[in-house]
Every structure is written in structure tokens, then in C-alpha cells.
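Chain by chain, the residues:
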Amino acid sequence: MNSPMFSFQWLPFVLLIFLSSVSATLKNIPRLSPIGGKFLHDLETVSASISDDLQTFYYDQTLDHFNYRPESYTTFQQRYVINSKYWGGATSNAPILAYFGAEAPLDGDLSAIGFLADNAQQFQALILYIEHRYYGKSIPFGSREEALRNASTLGYFNSAQAIADYAEIITHVKKILHANDSPVIVIGGSYGGMLASWFRLKYPHVALGALASSAPILYFDDITPQNGYYSVVSKDFKEASETCYQTIQKSWSEIDKATSQPSGLSNLSKEFKTCRPLSKSSELKNYLESVYYSAAQYNHPPDYPVTIVCGGIDGAPSDASILEKIFAGLVAYRGIRSCYVNEPRNISETTVGWRWQTCSEMVIPIGRGNDTMFEPDPFILSSYIEQCKSIYGVPPRPHWVTSYYGGHDIKLILHRFGTNIIFSNGLRDPYSTGGVLDNISDTIVAVSTVNGSHCLDILFAKESDPEWLVTQRKVEVRIIEQWITKYYADLLAYKK
């Protein structure tokens with residue numbers, strides 16, 4: 001299955017204006033994705049052995065779960081996929097593992113997210129994958145163009161509506177399978193991990209527990225310091241190579257120096273083999289920044305992209321200039337290509353969708369001070385609000401996530417009423433700074449690995465996986481087994 005892309009002519013005009021002229025000035029919030037960024041991510045086709053076990057369905061989903069206006073009852077087709085190969089059946093109350101799609105079409109997750117399929121036989125579980133509204137084939141208003149037209153149609157595009165969708169579909173699937181007593185474990189990674197944890201808190205009657213992988217639920221409302229994300233990126237590079245770290249740190253002023261020279265941008269364009277001439281130095285800087293944070297966020301074994309970048313930088317000839325070394329690191333990471341930077345590409349629905357989400361409720365205040373390998377770039381909320389308002393006509397709600405789901409004083413609050421959530425993190429993941437890294441109670445637990453990266457634990461297991469990753473997954477499976485065992489005991493006692 002291939003992830004749907006759409007070309008420029010299909011986009012509403014206002015969003016085209018935004019993507020072409022405003023995106024360079026609007027603060028970039030690194031995408032929350034369990035399966036990789038635009039450089040690292042190279043999806044393999046779903047193997048025949050997996051796809052043969054998948055059945056695709058569509059559910060008539062309610063547009064607006066929280067109002068009773070006539071238009072609220074409008075429906076759209078929401079995609080979900082079932083794998084029942086190992087399910088023990090409704091008569092034995094066998095469990096359901098439900099995966100929450102996030103800010104992308106579901107197709108990529110089917111080929112990359114392996115935790116459910118790897119453990120379905122052991123649990124005798126039904127696997128349920130649900131696509132997030134406004135992505136993939138789950139588009140309201142009849143077409144993507146209409147759905148993305150303006151803030152009025154985009155207004156139904158938020159996390160609260162999304163997890164209500166998931167509750168509806170899980171309930172529907174249990175009903176048609178006569179599996180009312182089958183326990184449900186919800187699983188998600190990154191933004192999807194946030195949704196899984198929030199779902200367990202909002203819909204405890206639907207889900208027995210949640211595995212929230214690399215879910216930075218505390219990166220809102222200044223709970224986490226702004227510079228947390230880029231501090232970890234810098235730490236990852238510094239630990240890989242001090243000289244590499246220093247070269248990157250010095251490169252920004254070198255770019256400025258080169259730009260100030262006659263024909264500076266032209267020379268930089270040639271030196272970095274850009275796909276089209278640079279119009280300003282920030283184009284190159286933004287590109288390099290995204291290379292570094294993507295490498296750190298998805299610093300997966302066995303390749304370890306940070307090591308690859310630094311290997312290129314440190315392996316350049318001793319007489320190479322700083323910028324020549326930077327280019328060598330870029331080539332090492334991206335491979336030999338005809339050009340780099342400003343590459344022609346279609347605008348994906350994720351690019352458009354994630355921009356709306358971060359300009360409405362997912363306001364993650366990531367900024368930089370003077371203590372990273374990057375140039376200072378603080379997150380100024382007032383400016384961000386005005387920029388988003390200029391694009392969509394409505395301002396974001398930066399405090400809504402913590403008002404609706406909580407976050408402040410999380411240990412004090414959750415240990416009193418929350419149960420059955422695993423917050424898993426890899427501490428080399430920049431987003432781990434906004435994650436839950438300590439146990440909150442006996443059943444709301446943190447499972448962290450020092451060398452782990454973003455959502456690594458929920459990807460398909462490989463023979464080359466290091467022992468610490470194998471152990472992390474075993475710990476998560478054991479905890480889920482304990483939840484299910486206790487549920488069955490409670491169910492038996494209740495039925496007597």
C-alpha cells in the first residue's frame with residue numbers, strides 16, 4: 001500500500017499561499033511520527049504474508065461528537081483494518097490490540113508498526129488499526145479539498161474528535177464480533193501515543209490499558225523547558241563526536257559569512273548542490289537543522305544516523321573547510337544524489353494536516369537558547385499565535401491540551417485515579433524531554449532505555465535488535481499480561 005500524496009492543484013488556494021510563503025517564517029514544530037522523518041523514512045511495501053491477513057473496513061463516522069446541531073450528524077467514511085489471524089475468539093474473551101493512527105495515512109503504519117503483530121499470537125489477540133480523521137482515506141466533507149478548505153471545515157480536526165472516533169469504532173467492532181467482554185489495549189506512538197494515553201484517561205470503560213510510546217504529553221504549556229528538544233539533539237551529537245558537534249556549532253556563522261560575500265548565495269548553492277538556487281541563507285540552515293534533528297529523533301540501530309552524519313563530517317579531508325565538512329556529513333546521511341536542499345516534492349497531506357494541528361491545539365513550544373549546537377531561536381508564543389491567526393483566521397489554543405487532558409502536577413493527579421498506562425521512551429529521542437520518565441504509580445509506569453530513540457519499541461522486531469531493546473519490549477508485554485490477567489480474574493468474580 002502506498003501513502004496517498006496530493007499535488008499542488010488539489011490544495012485550497014489559501015493553503016497554497018501559506019505553504020509557499022509563510023512556512024519559512026512560522027516556527028517549525030518537528031513532526032511527531034512513529035515511523036520516521038522525510039529523510040530517514042523509506043517505507044517498504046507491506047509483505048504479502050502480512051497483507052493477506054489484513055481486512056479493510058469503513059465505518060460511518062459522526063463528524064462532530066460533541067454538539068447536537070444538524071450539521072454535527074454529518075458522517076464520513078473512516079477506515080479501519082483488522083487482522084484476526086491469531087484471535088482466540090469472542091467466546092474466550094480474547095483481547096483486542098488497537099493501534100491508533102496519527103498524523104499520516106494508515107498504510108505506512110501497517111508496514112512498520114510491529115508490536116501488535118509480533119505479540120498477537122502470544123496474546124491470542126485481534127489486531128485493530130484505526131486511521132485518524134482527515135488523513136489517508138478517512139476524509140470528511142467528501143473530498144480532501146473541501147475538508148481542508150478553511151477553519152470552518154478544519155475545526156472538526158482535533159484530538160478530542162479523533163479519540164471519540166476511536167471509541168466509536170472499537171465499540172462497533174466489539175459489537176459486531178460479539179466480543180463485549182474482550183479487553184482492549186490501545187497502542188500508539190508519538191502523537192498517536194499521546195492519543196492512547198489520553199484515551200485511557202477519557203475512555204477507561206472502553207480500554208483496559210494503553211501503551212504510549214514516545215508520547216511527549218508534557219511538552220505543553222511550559223511544563224517542559226523550551227530548549228529540551230534541541231538540547232537532546234545536541235547531546236546526541238556531542239556524545240557521538242565532540243569534533244562533529246563543534247563543527248556543526250561553528251557552521252552557522254560560516255554560512256552567514258559566506259552569504260555576506262559577493263555572489264555568496266550562488267556559491268553556497270553550488271557548494272551544497274542545491275536543487276534550485278538559494279534565495280536566502282535560512283533555506284540552507286532550516287534544511288540542515290531538519291537533517292540533524294531527524295537523525296537524532298530516529299537514531300535507530302543498527303545504522304545510528306547520528307553516527308553516520310558525524311562519520312561524514314569527521315571523515316572529510318583534514319584540509320576541508322567547515323562547510324565542506326558539513327556537506328560531507330549531508331552526503332553520508334542522504335547518499336549520493338544529483339542535488340540536495342530545496343528538492344522538488346509534492347505537498348503531503350501530513351504536511352498540511354500537521355501544520356493545522358500545531359496551529360490549533362498541538363502547540364508544542366520548542367525553542368532554542370544559547371546552550372545547544374544550533375543558533376538561538378526562542379519560541380515566542382505571542383508571535384506564533386499571530387502567525388497562525390494570519391494563516392487560518394483563528395488563533396491557536398495553547399493551553400487547551402492541559403485544560404482538557406491535564407499535564408501540570410501529573411504525578412500528584414494521576415496517581416489518585418489513573419491506571420494501566422505504559423509510557424515508554426528512548427532517552428536519545430529529543431521528544432523524550434516531554435515524556436513521562438518516572439513511575440507515577442504501580443500501574444502507570446515509565447519504561448525507558450538510555451540508548452533508545454523515537455518509538456523504537458513498537459516497530460517490527462529484528463534479529464539485529466540490541467538486547468536492551470529486546471528487554472524493553474519484554475517488560476512492556478509482561479505488564480500488559482498482568483493487566484489482562486487481573487481483568488479476567490475481575491470478570492470471573494463479577495460474573496459469579
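Definitions and cut-offs
- Residues numbered from 1 in each chain as written.
- Predicted model: local features only at pLDDT ≥ 70, side-chain atom pairs only at ≥ 80, totals over all residues.
- Heavy atoms only, no water.
- Pairing = 2+ DSSP bridges.
- Helix = DSSP H or I, 4+ residues; strand = E, 2+ residues; numbered from the N terminus.
- Axes fitted to C-alpha atoms, helices over the stretch in contact; angles between N-to-C directions.
- Contact = heavy atoms within 4.5 Å.
- Polar contact = N/O pair within 3.5 Å; in protein donor to acceptor, adjacent residues only side chain to side chain.
- Buried < 20%, exposed > 50% of the residue type's maximum accessible area, 1.4 Å probe, protein only.
- Arc of directions from axis to C-beta.
- Patch = residues over 30% accessible without salt bridge, like charges linked within 9 Å, V, L, I, M, F, W, Y side chains within 5 Å.
- Areas by Shrake-Rupley, 256 points an atom, 1.4 Å probe, with all protein chains shown as cover.
- Salt bridge = Lys/Arg side-chain N within 4 Å of Asp/Glu carboxyl O.

- Looking at an unreviewed UniProt entry, the protein carries the name Lysosomal Pro-X carboxypeptidase, with the source organism given as Lithocarpus litseifolius.

1. Observations concerning the sheet that holds strand β7 (residues 421-426)
- With respect to topology, 8 strands assemble into an open sheet ordered β1-β2-β4-β3-β5-β6-β7-β8, the strand pairing being mixed. What marks the edges here is a single partner per strand, and that holds for β1 (54-62) and β8 (444-449). Strand-to-strand twist in this sheet, taken as the mean axis angle between neighbours without regard to direction, amounts to 20°.
- Against the sheet, helix α7 (residues 159-176) contacts β1, β2 (75-83), β3 (96-100), β4 (126-130) and β5 (184-189), and its axis sits at roughly 55° relative to β2.

2. As for the environment of Ser 269
- As for its placement among the helices and strands, Ser 269 is situated in helix α11 (residues 264-271).
- As a C-alpha pair, Ser 269 and Ser 281 span 12 residues in sequence and 9.7 Å in three-dimensional space.
- Looking at Ser 269, its side chain comes within polar contact range of the main-chain nitrogen of Leu 278, at 2.9 Å.

3. Quick notes on α11
- Buried within α11 we find Gly 264, Leu 268 and Ser 269. For α11, the angular spread of the buried residues around the axis is 135°, confining them to a single face.
- Looking at the buried residues of α11, the elements they touch are α10 (242-260), α12 (281-297) and α14 (322-334).
- Once α11 finishes, Lys 273 follows within two positions and takes phi at roughly 50°, a positive value.

4. Digging into a nonpolar patch on the surface
- A contiguous nonpolar patch, built from Leu 412, Ile 413 and Phe 417 and spanning about 290 Å² of accessible area, is present on the exposed surface.
- Assignment of secondary structure puts Phe 417 in helix α18 (residues 410-417).

5. Observations regarding unusual backbone geometry
- Cis rather than trans, the peptide bond between Pro 301 and Pro 302 has omega equal to 0°.
- Within the fold, Pro 302 resides in the loop between α12 and α13 (305-314).
- Of note, the phi angle at Asp 221 is positive, near 55°, even though the residue is not glycine.
- Checked against the element boundaries, Asp 221 lands in the loop between β6 (209-213) and α9 (228-240).
- Positioned with a positive phi, Asn 342 is a non-glycine residue whose angle comes to about 60°.
- Structurally, Asn 342 can be placed in the loop between α14 and α15 (349-358).
- For Asn 342, a relative accessible area of 16% gives the class buried.

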